[in-house]
Amino acid sequence: MARIVMKFGGTSMAGIERIRNVAQRVKREVEAGHEVAIVVSAMAGETDRLVNFCREASSLYDPREYDVVVSSGEQVTSGLLAIALQAAGVKARSWLGWQLPIRTSDGHASARIGEIDTEALRASMADGVVAVIPGFQGVALGERVTTLGRGGSDTSAVAMAAAMKADRCDIYTDVDGVYTTDPRIVPRARKLSKVTYEEMLELASVGAKVLQTRSVGLAMKEKVRVRVLSSFEDGDGPKRGTLIVGEEEIDDMERQLITGIAHDKNEAKITLASVPDRPGSVAAIFTPLADAGINVDMIVQNVAHSAKSTDVTFTVPAADLPRSLEVLDSNKDAIGFDTLVHDTRVAKISVVGVGMRSHAGVAATMFQTLGERGINIQVITTSEIKVSVLIEEDYTELAVRVLHTAYGLDAEHDAG
């Protein structure tokens, strides 16, 4: 018998019929003798609807009341799934964040999980009762409801699996696993049977939409085995989906040089021209951006024009571009730049793989492949297992396709 946390996303919970399908899937796990806890998202589109209600009520809404409103979507689906399970003959009950409780920081709309009290939950599950837990929510000091930020239900599921010492955390979504790249761009992309935590963390951070970055980081920290699989496929078994595990679980025969290629068009490039070339100039740029809560990604300091000035280029999330420009403009005198140029028609392409640690030439292959197709590289960043480049947005799909082929990731043609 295994202890499993099953997490179902918004598309899996989008309507009563789909909730009934989820109940049947859970019932099969229970009948197989497993101890099961479920974490659910709100119905697809529901959180956006609730967020819009808050904005319509007041542009300066109280974030504590915002959390009360937007957390209600998961409360609805947890109750409905418990009802559907009971109707299917499975003992079940819902547990809201404050009932366990799931203790979080008081950062409303972006809370972080501190600890989860599982004593009452374990006792209930030991009696054969399936626990249905709304994701995305917890409770702060003062017993105020908090939410974890968008995509927080993945984090809730991994945190529950860690707290319960579950054997596995199954995250059901609308895709059947992690692919070498987006199959909509490269039809010959291959589904991966296993991916390391580090690789998944890098892929999630550079544009892969399968898992939320925070959830992967938590899984790696707590060593939670995560499986990504589709809630729209029948059957089960160890070969379904993709396992995200520690590097020690992946056999050398299964290991590839490159695991996947990700792309992200939600980037904006900013160049500050003629920044004084003196100690403290770079800090003068990035400190006010950090104080404004803006995450800077790729950074390059260009060759100095003279002994006195240089250009600095960096990227920020496209949604943060207006705020970034405002911050930089208000600090222009302190920074000392001459002109500012920005560009939103860019995309970040990233090649990820733990095999880079022991193989040279990965970056060279990337640069040569893009160069042969006339794709200009604007910015480059690297980590131990990742190489990212910034290119013109119009070349995104072409870049992903040619790199996928260059690294030998294309699946074989179907027979016949």
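Residues numbered from 1 in each chain as written. Predicted model: local features only at pLDDT ≥ 70, side-chain atom pairs only at ≥ 80, totals over all residues. Heavy atoms only, no water.

A.B. asks: Break down the sheet that holds strand β16 (residues 339-352) for me, citing the residues and quoting the values.
C.D. replies: The strands making up a sheet associate through backbone hydrogen bonding, with each pair oriented either parallel or antiparallel. Taken in spatial order, the six strands make up an open sheet running β14-β15-β13-β16-β18-β17, and their pairing is antiparallel. Each edge of the open sheet carries a strand with a single partner, namely β14 (299-301) and β17 (379-383). The average angle at which neighbouring strand axes cross in this sheet is 25 degrees, direction not considered. As paired elements, β16 and strand β18 (residues 386-392) share seven bridges and run antiparallel to each other. Bridging across to β18, Ile349 finds its partner in Val389. Across the sheet, helix α9 (residues 281-291) touches β13 (260-276), β14 and β15 (309-317), and the angle it forms with β15 is around 20 degrees. (Pairing = 2+ DSSP bridges. Helix = DSSP H or I, 4+ residues; strand = E, 2+ residues; numbered from the N terminus. Axes fitted to C-alpha atoms, helices over the stretch in contact; angles between N-to-C directions. Contact = heavy atoms within 4.5 Å.)

A.B. asks: How would you summarise the nonpolar core if you had to cite specific residues and measurements?
C.D. replies: Formed by 36 residues in total, the largest nonpolar core has its most connected members in Val5, Leu121, Ile133, Met160, Cys169 and Val226. Ranked by residue count, the leading element in this core is helix α6 (residues 152-164), at six residues. In this view, Val226 contacts Val158, Cys169, Ile171, Leu211, Ala219, Thr242, Leu243 and Ile244; residues no more than four positions away in its chain are not counted. If you look at the next biggest cluster of nonpolar residues, it comprises 22 residues, including Met13, Val90, Ala92 and Val132. (Core = buried A, V, L, I, M, F, W, Y, C linked by side-chain atoms within 4.5 Å. Buried < 20%, exposed > 50% of the residue type's maximum accessible area, 1.4 Å probe, protein only.)

A.B. asks: Go over the packing of helix α3 (residues 63-70) against helix α4 (residues 72-87), please, and point to the residues and values.
C.D. replies: Each packed pair of helices is defined by two parameters, the angle between the axes and the distance between the axes. One way to put it is that α3 packs onto α4 with a least axis distance of 4 Å and a crossing angle of 25 degrees. The pairing of α3 with α4 is recorded here as roughly parallel in orientation. Across from Val68, Val69 and Val70 in α3, the residues of α4 making contact are Ser72, Gly73 and Glu74. (Parallel < 35°, antiparallel > 145°, perpendicular 65-115°, else oblique.)

A.B. asks: Please set out α3 residue by residue, giving values where relevant.
C.D. replies: Of all the residues in α3, the buried ones are Tyr66, Asp67 and Val70. One side of α3 carries all its buried residues, which in axial view fall inside an arc of 100 degrees. At its buried positions, α3 is contacted by α2 (46-57), α4 and β8 (145-147). Sitting at the head of α3, Asp62 places a side-chain oxygen 2.9 Å from the backbone nitrogen of Arg64. (Arc of directions from axis to C-beta. Polar contact = N/O pair within 3.5 Å; in protein donor to acceptor, adjacent residues only side chain to side chain.)

A.B. asks: Quick rundown of the pairing of β16? Include the residues and the values.
C.D. replies: Two strands pair when backbone bridges link them, and β13 and β16 are joined in this way by eleven bridges, in the antiparallel orientation. Within β16, the position partnered with Ala262 by the bridge is Ser350.

A.B. asks: Lay out the packing of aromatic side chains with the relevant residues and their values.
C.D. replies: Per the counting criterion, the structure on display carries three aromatic pairs. Centre to centre, the rings of Phe8 and Tyr172 are 4.6 Å apart; their planes meet at 15 degrees, and the pair counts as stacked. Taken together, the residues span a long stretch of sequence, with Phe8 in strand β1 (residues 3-8) and Tyr172 in strand β9 (residues 168-173) at a distance of 164 residues. Comparing Phe8 with Tyr172, the two get one shared label, buried. Consider the rings of Phe286 and Phe314, whose centres lie 5.0 Å apart with planes at 75 degrees: the pair is edge-to-face. Of this pair, Phe286 sits in helix α9 while Phe314 sits in strand β15, and the two are 28 residues apart along the sequence. Classification of Phe286 by relative accessible area gives buried; the value is 15%. (Phe/Tyr/Trp six-rings, centres within 6.5 Å; stacked < 30°, edge-to-face > 60°.)

A.B. asks: Explain the sheet that holds strand β11 (residues 226-230) to me, and be specific about the residues and the numbers.
C.D. replies: In space, the eight strands of this open sheet follow the order β3-β6-β2-β1-β9-β11-β12-β10, with mixed pairing throughout. If you trace the sheet from one side to the other, it starts and ends with β3 (92-94) and β10 (194-196), each paired once. Put simply, the sheet's adjacent strands are angled 20 degrees from each other on average, direction ignored. Both β10 and strand β12 (residues 242-245) contribute to a ladder of three bridges, which runs parallel. Considered in β12, the bridge of Thr196 is made with Val245. Those strands touched by helix α5 (residues 119-126) are β1, β2 (35-40), β3 and β6 (130-134), and its axis lies near 125 degrees from that of β2. The sheet contacts of helix α7 (residues 197-205) involve β10 and β12, and relative to β10 the element is tilted by about 80 degrees.

A.B. asks: Give a description of helix α8 (residues 213-222) that names residues and reports values.
C.D. replies: Within the span of α8, buried status applies to Ser215, Val216 and Ala219. The buried residues of α8 all sit within an arc of 100 degrees when viewed along its axis, so they share a single face. Next to the buried residues of α8 lie α6, α7 and β11. Between the side-chain oxygen of the N-cap and the backbone nitrogen of Arg214 there are 3.1 Å, and the N-cap of α8 in question is Gln212. Positive phi appears at Lys223, one or two residues downstream of α8, with a value of about 55 degrees.

A.B. asks: So, the environment of Val195: which residues are in play, and what are the values?
C.D. replies: With respect to the helices and strands, the residue Val195 is situated in strand β10. Judged by relative accessible area, which is 0%, Val195 ranks as buried. Taking the C-alpha atoms as reference points, Val195 and Glu115, 80 residues apart in sequence, are found 27 Å from one another. Beyond its immediate chain neighbours, meaning those up to four positions away, Val195 contacts Val178, Met200, Thr242, Leu243, Ile244, Val245, Ile250 and Thr259.

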